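# A closer look at the structure
Here's the letter readout for the chains.
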Amino acid sequence: MASKFQFETRDERIERMFRDNPGRSIQLCTAVVDGIWDKKRELITSRIPERFAEASITDLGYLEKEVTRAIGEIFKPPSENETVGIILSGPAGSGKTHTGYAIMRLLAEKNPEMVAYMTTYPQVMQALRQEFAKDAYEELGSMWDKINNNSGMYDGIVFIDDLSVSKQTDFEVDKLTMFLDRRMNEYMPFILTTNVAPENFKEVFGERLASRFTGYCEIVLFDERDKRLEEEDDSSETS
């Protein structure tokens, strides 16, 4: 059976570099690894929208424990848990996007190699339509490569925000199914957000996608409170 992504810790990476380079001191190896990881963290944080630049798991209140649990589940060995995805489901403004980026920041701080790519569903589909029209989807660095890790350069978790609430086109269903099958079969973790409630997955996404969502994903439900409106109310009360 395949394994879910296994990532070296900082110390393991330093020790491996030290073993593979007999002429280097442990201090030099430490400096090199820390430098590489710092640059990767900077790249990851630079891709997070300014609104969510300080997003943190500790901001989540009643959902902090549930989100933390879900993260742990998708990184467990397949023998313990075969789910590989997290779906953040709830109404607009309930904090799903904030949570997604908070997870990315948490993982990047722990080990930046755990984060592969972050994007939105509209951006994914726009890029894929262009790539498949031009037969460019197999090229290194294409959107298809980034979300599927076809080249081996994008190991780690993929975060796709704002899965469409409108009925999927045949193209979208096909490509999203391919994405899910690839990552599920290879045990490669991912996070999706959607305004669609689980009971409506089949109606909106179709049976093929709905069965994959419910069968292979940890689903975190957000309540009806609109956190953006709450923040506005709080600011107006204090102004």
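Provided above is the structure to which this section pertains.
The sections below set out a description of the structure shown in this document. (Residues numbered from 1 in each chain as written. Predicted model: local features only at pLDDT ≥ 70, side-chain atom pairs only at ≥ 80, totals over all residues. Heavy atoms only, no water.)

## Structural notes on the overall build of the protein
- Along the backbone of the protein there are 10 helices and five strands.
- For 239 residues, the compact-globule estimate of 2.2 N^0.38 gives 18 Å, and the protein sits close to it at 19 Å.
- Projected onto its principal axes, the C-alpha coordinates of the protein cover approximately 60 × 55 × 35 Å.
- For the protein, the residues scored as buried account for 45% of the 239 residues in total.
- Long-range pairs, those at least 24 residues apart, make up 76% of the contacts in the protein between residues at least 6 apart in sequence. (Helix = DSSP H or I, 4+ residues; strand = E, 2+ residues; numbered from the N terminus. Rg over C-alpha atoms; globule rule 2.2 N^0.38 Å. Buried < 20%, exposed > 50% of the residue type's maximum accessible area, 1.4 Å probe, protein only. Contact = heavy atoms within 4.5 Å.)

## Topic: the side chain of serine 142
- As for its position among the elements, serine 142 is in the loop between helix H5 (121-133) and helix H6 (143-148).
- With sequence-adjacent residues up to four places away left out, serine 142 is seen in contact with Glu131, Ala136 and Tyr137.

## Observations regarding unusual backbone geometry
- In the Ramachandran plot, aspartate 162 falls in the positive-phi region, its phi being about 70 degrees despite a non-glycine side chain.
- Looking at the secondary structure, you find aspartate 162 in strand S3 (residues 157-163).
- The exposure class of aspartate 162 is partly exposed, given its relative accessible area of 38%.
- Even without glycine at this site, tyrosine 187 takes up a positive phi of about 55 degrees.
- As for its placement among the helices and strands, tyrosine 187 is situated in the loop between helix H7 (170-185) and strand S4 (190-194).
- Since its relative accessible area comes to 11%, tyrosine 187 is described here as buried.

## Topic: the nonpolar core
- Counting residues in hydrophobic clusters, the biggest one holds 33 residues, and the most contacted among them are Ile147, Phe179, Leu180, Leu192 and Phe213.
- Put simply, the parts of the chain that give this core at least two residues each are strand S2 (115-120), H5, H6, S3, H7, S4, helix H8 (201-205) and helix H9 (207-216).
- By residue number, the principal contributor to this core is H5, which donates six residues.
- Setting aside residues up to four positions removed in sequence, phenylalanine 179 forms contacts with Trp144, Ile147, Asn148, Val158, Ile160, Phe190 and Leu192.
- Counting 28 residues, the second-largest nonpolar core is a separate cluster that includes Ala102, Met104, Leu107 and Phe222. (Core = buried A, V, L, I, M, F, W, Y, C linked by side-chain atoms within 4.5 Å.)

## Digging into the pattern of salt bridges
- One pass over the full model with this rule turns up 11 salt bridges.
- With its nearest N and O atoms 2.9 Å apart, the salt bridge here joins glutamate 66 to arginine 69. Taken together, the residues span about one helical turn, with glutamate 66 and arginine 69 both in helix H3 (residues 64-74) at a distance of three residues.
- Since its relative accessible area comes to 28%, glutamate 66 is described here as partly exposed.
- For arginine 69, a relative accessible area of 34% corresponds to the partly exposed category.
- Shared partners join several salt bridges into a network, and the residues in it are Arg10, Asp11 and Asp34. (Salt bridge = Lys/Arg side-chain N within 4 Å of Asp/Glu carboxyl O.)

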